[in-house]
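This is what each chain is made of:
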Amino acid sequence: MEQTQTNIAQPFTTYQKLVIAILALLQFTIVLDFMILAPLGDFLMKSLEISPKGFGLVVSSYAFSAGASGILAAGFADKFDRKKLLLFFYFGFIVGTLCCALATSFWMLLGARIVTGLFGGVIGAITLTIMTDLFAVNQRGRVMGFVQMAFSGSQILGIPIGLYLANAWGWHSTFLMIVVLASCITVVIILKIRPIDKHLDLQSDKNAFLHLWHAVSNPSYQTGFIATAFLSVGGFMLMPFSSSYLINNIRITAEQLPLIFMFTGFSSIIVMPLIGKLSDKVDKFIIFSAGCIIAIIMILIYTNLVPVPMWQVVVINMIMFMGIMSRIIPATALTMSIPDMKDRGAFMSVNSSLQQMAGGIAALFAGVIVTQKDKTSPLEHYGILGIVVSVVIVISIFLIYRVSIMVKKKQTIFAATAKTEQDSPATVTH
C-alpha cells in the first residue's frame, strides 16, 4: 500500500541510501553523456564541420533512437528483474559512448549517438521504475531531488572536466572519461544492488505486446505521457546550442565556459534537495507552477542577451536553472505516481520514449530556426526559441495540473481502501 500522507517524510533505510547513491552516480553518467554535447557543440561543429542543422540532427538522433528503443522495450519492461534489465541497457550505453569517443566524422558520430540512444534512453525509465518500486510516495520528492543532483554534478564536475580534457587532448577524451566511470559503476551495481522482482508476481499479461497495449491505451497513463512530452521540449530546444550561443553571441571565451557551467551546477546542487524536500511537504503542483514562472522570465531574458560581463551570465544561468529544476522534480514525482506497480516498467518506458521523441522533434525544430552564416558568426533567431519554449511551458502547466488532480484522486482511493481494511476485522469481531 502506497503512503497517502504526503506531508509526513519517512526516513530512508541504509539500503535505500545506498540505492539512491548508486542511481545518482548512474544518472550522472547518462546526463553527462547527453549534456556534454552542448558544451562540446562548438568544438564538434568546427572540428567535424557540422552546420547548426546537422548538429540538431546529431542531438535528435539520440532522442529518436531512444524513443524507438523505449517503445520496443516497454512490453518487456515488467517481465524481467529490473536489476538485470538495467545492467543490459547500461552495458549497451557504455559501448555506444565508446563509439562516440572513436568517431572521426559527422556520420560516425551520428551513428554512435544512435547506438548510445538505443540503450541510454531506456535507462532513465528503468531508474524511475526502480525508484517507484523501492520508495513510498512521500519519499519520492526527496529521492528525485538527490538523483537529479546528477544534473548539477555533471555541471560542477563532469562538464568542466570534460571541457578541460577536450582542450588538452581533444573532445574524444571526454567520452572516454564517461566510459571509464560507467564501467566502474557497473561493477558496483552487480555487487551491491539486490534483485528487484516483486512486480513479477503481479503480471497478468503473458504477451509482451498485449502488456504494451494495456499501458498505452489507459486514459490516465496517456495524460501522463502528454504532460511529460511537453515538459522535455524546452531543454532540447535551448541546450544544444548553448555553448555556441555563449561563445559567438555573448562573447564568452572557451576558457570561461567551464566556469559558467560549474557555478550553475553549484546553485542547482543546493536548490534541488531543497525542492525535493519541499515537494514532499507542499503541494507539488504549486512548486511546479512557481518554477514555470521563474523559468519563463529567465528564458526570455537569456535568449535575448547582448554581450555582457561573465558574472551577469552566471547569475542569469543560475536563476534560470533553479526555475527549470523546480519544474522537473515535482512534475516527475507526480508522474511516477500515476501507474500501478504491475504497469510501471511499461509506463516508464513509453513515457521516456515519448519524452525523447518530443525532444528530438524539438531539437530538429530548433536546428531549423537557428541559423549561422559561418563558424564564428553569431547565432540568429535564438530569441524566437525563447518565445516558443515559454509557450510550451504555459501549456505544460495545464497538463501537470491534470496529472496532479489524478494523483490526488488515486491517493484518496488508497486511503479509503486502507481504512476499510483496518475497520473490517473490528466489524467481524462485533
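Residues numbered from 1 in each chain as written. Predicted model: local features only at pLDDT ≥ 70, side-chain atom pairs only at ≥ 80, totals over all residues. Heavy atoms only, no water.

1. Some thoughts on the overall build of the protein
Note the threshold: Numbered from the N terminus, helices here are DSSP runs of H or I no shorter than four residues, and strands are runs of E no shorter than two. Each residue is placed in one exposure class: buried if its accessible area under a 1.4 Å probe, protein chains only, is under 20% of its type's maximum, exposed if it is over 50%, and partly exposed if it falls in between. Note on definitions: a residue-residue contact is assigned when non-hydrogen atoms from the two residues lie within 4.5 Å. Surface accessibility follows the Shrake-Rupley procedure with a 1.4 Å probe radius. Residue values consider only the protein chains on display as shielding.
Scanning the protein from N- to C-terminus turns up 16 helices and zero strands. Per-residue burial over the protein gives 58% buried out of 430 residues. A sequence separation of at least 24 residues applies to 87% of the contacts in the protein between residues at least 6 apart. Of the roughly 17700 Å² of accessible surface on the protein, a fraction of 72% belongs to carbon and sulfur atoms.

2. Some thoughts on the packing of helix H12 (residues 257-281) against helix H14 (residues 310-336)
Applicable threshold: In this analysis, axes come from line fits to C-alpha atoms, helices being fitted only over the stretch in contact, and the angle between any two N-to-C directions falls in the range 0 to 180 degrees. For classification purposes, an angle smaller than 35 degrees is called roughly parallel, one larger than 145 roughly antiparallel, one from 65 to 115 roughly perpendicular, and anything else oblique. Should the near helix be turned anticlockwise from the far one by less than a right angle, the crossing is termed left-handed; should it be turned clockwise, right-handed.
For the pair H12 and H14, interaxial distance at closest approach is 8 Å and the crossing angle is 30°. By the angle between their directions, the pair H12 and H14 is classed as roughly parallel. Both H12 and H14 take part in a crossing whose hand is right-handed. Note on element contacts: H14 touches H12 through Met 310, Val 313, Val 314, Asn 317, Met 318, Phe 321, Met 322, Met 325, Ser 326, Ile 329 and Pro 330, opposite Leu 259, Ile 260, Phe 263, Thr 264, Ser 267, Ser 268, Val 271, Met 272, Ile 275, Gly 276 and Ser 279.

3. Details of the nonpolar core
Grouped burial of nonpolar side chains is what soluble globular proteins tend to show. Quick reminder of the rule: We call a set of buried Ala, Val, Leu, Ile, Met, Phe, Trp, Tyr and Cys residues a nonpolar core when their side-chain atoms join them within 4.5 Å.
Grouped together as the largest cluster of nonpolar side chains are 129 residues, with contacts concentrated most on Tyr 90, Met 131 and Ile 189. Excluding its chain neighbours within four sequence positions, the residues that come into contact with Tyr 90 are Leu 26, Thr 29, Ile 30, Ile 123, Ala 182, Ile 185, Thr 186 and Ile 189.

4. As for the state of the cysteines
Counted only if it meets this: By disulfide we mean two sulfur atoms from cysteines, separated by a distance within 2.5 Å.
Throughout the structure, instances matching the rule amount to zero disulfides. Unpaired in this structure, Cys 100 has its nearest cysteine sulfur neighbour in Cys 99, at a distance of 7.1 Å.

5. A word on helix H4 (residues 82-102)
Selection criterion: An expected span of 1.5 Å times one less than the residue number is assigned to each helix. Any pair of N or O atoms that falls within 3.5 Å is considered a polar contact. Within protein, one atom must be able to donate a hydrogen and the other to accept it, and sequence-neighbouring residues count only if both atoms are side-chain atoms.
End to end, H4 covers 31 Å across 21 residues, agreeing with the expected 30 Å (1.5 Å per residue, within 8%). Two to three positions downstream of the cap, the backbone nitrogen of Lys 83 sits 2.9 Å from a side-chain oxygen, assigning the N-cap of H4 to Asp 81.

6. With respect to the packing of aromatic side chains
Describing an aromatic ring pair means giving the distance of the ring centres and the angle of the ring planes. The following threshold applies: For this analysis, a ring pair means two rings from Phe, Tyr or Trp (six-membered ring only for Trp) whose centres lie within 6.5 Å, classed as stacked if their planes differ by under 30 degrees, edge-to-face if by over 60, and tilted for the remaining angles. For a Lys NZ or an Arg CZ to count as sitting over a ring, it must be within 6 Å of the ring centre and within 35 degrees of the ring normal.
This structure, assessed with the given rule, holds eleven aromatic pairs. With centroids separated by 4.1 Å and ring planes inclined at 25°, the aromatic side chains of Tyr 245 and Tyr 382 adopt a geometry described as stacked. Note that Tyr 245 is positioned in helix H11 (residues 242-248) and Tyr 382 in helix H16 (residues 382-429), a separation of 137 residues in sequence. The burial state of Tyr 245 is the same as that of Tyr 382; both residues are buried. An aromatic cluster of at least three residues, connected via ring pairs, comprises Phe 88, Phe 89 and Phe 119. One cation-aromatic arrangement involves Arg 194 over Tyr 15; the distance from NZ or CZ to the ring centre is 3.7 Å.

7. Details of unusual backbone geometry
The phi dihedral of Arg 251 is positive, around 65°, even though this residue is not glycine. Although it is not a glycine, His 381 adopts a positive phi angle of roughly 70°. Of note, His 381 is situated in the loop between helix H15 (344-369) and H16.

8. A look at the environment of Phe 241
Tracing the sequence through the fold places Phe 241 in the loop between helix H10 (219-238) and H11. Each C-alpha atom, one on Phe 241 and one on Ala 363, is 9.6 Å from the other, the two residues being 122 residues apart in sequence.

9. Points about a nonpolar patch on the surface
Heads up, the condition is: In this analysis, a patch consists of residues with relative accessible area above 30% that form no salt bridge, clustered at 9 Å for like charges and at 5 Å for the nonpolar side chains Val, Leu, Ile, Met, Phe, Trp and Tyr. Every case where a carboxyl oxygen of Asp or Glu lies within 4 Å of a side-chain nitrogen of Lys or Arg is listed as a salt bridge.
Judged by side-chain polarity, Ile 294, Trp 311, Val 315 and Ile 319 come together as a nonpolar surface patch covering roughly 370 Å² of accessible area. Ranked by the residues each element gives to the nonpolar patch, the list is headed by H14, at three residues.

10. Describing the packing of H4 against helix H8 (residues 172-192)
Packing of H4 against H8 brings their axes to within 8 Å, and their N-to-C directions diverge by 160°. Between H4 and H8, the angle falls in the class roughly antiparallel. The element H4 and its partner H8 pack so that their crossing is left-handed. On H8, the residues that touch Lys 83, Leu 86, Leu 87, Tyr 90, Phe 93, Ile 94, Thr 97, Leu 98, Cys 100 and Ala 101 of H4 are His 172, Phe 175, Leu 176, Ile 178, Val 179, Ala 182, Ser 183, Ile 185, Thr 186, Ile 189 and Ile 190.

11. Describing helix H1 (residues 14-35)
End to end, H1 covers 31 Å across 22 residues, agreeing with the expected 32 Å (1.5 Å per residue, within 8%). Where burial is concerned, most of H1 is hidden: 16 out of the 22 residues are buried.

12. Details of the side chain of Asp 33
By the element assignment, Asp 33 lies in helix H1. Residue classification places Asp 33 among the buried residues on the basis of a relative accessible area of 0%. A distance of 3.3 Å separates a polar atom in the side chain of Asp 33 from a polar atom in the side chain of Thr 97. Apart from the residues lying within four places of it in its own chain, the contact partners of Asp 33 are Tyr 62, Phe 93, Thr 97, Arg 113, Thr 116, Phe 175 and Ile 178.

13. Points about the environment of Gly 96
Mapped onto the elements of the fold, Gly 96 is located in helix H4. In sequence terms Gly 96 and Ala 112 are 16 residues apart; their C-alpha atoms lie 5.7 Å from each other. Every residue in contact with Gly 96, bar those within four places of it in the chain, is listed here: Ala 112, Val 115 and Thr 116.

14. Observations regarding the confidence of the model for the protein
The predicted coordinates of low-pLDDT regions are not to be read in fine detail. This is how the line gets drawn: Each residue carries a pLDDT value, the predictor's own confidence for that position, ranging from 0 to 100.
When pLDDT is averaged along the protein, the result is 79, and 84% of the positions lie at 70 or above. With pLDDT under 50 throughout, residues 1-7 is counted as low confidence; its partners more than four residues away or in other chains account for 23 contacts.

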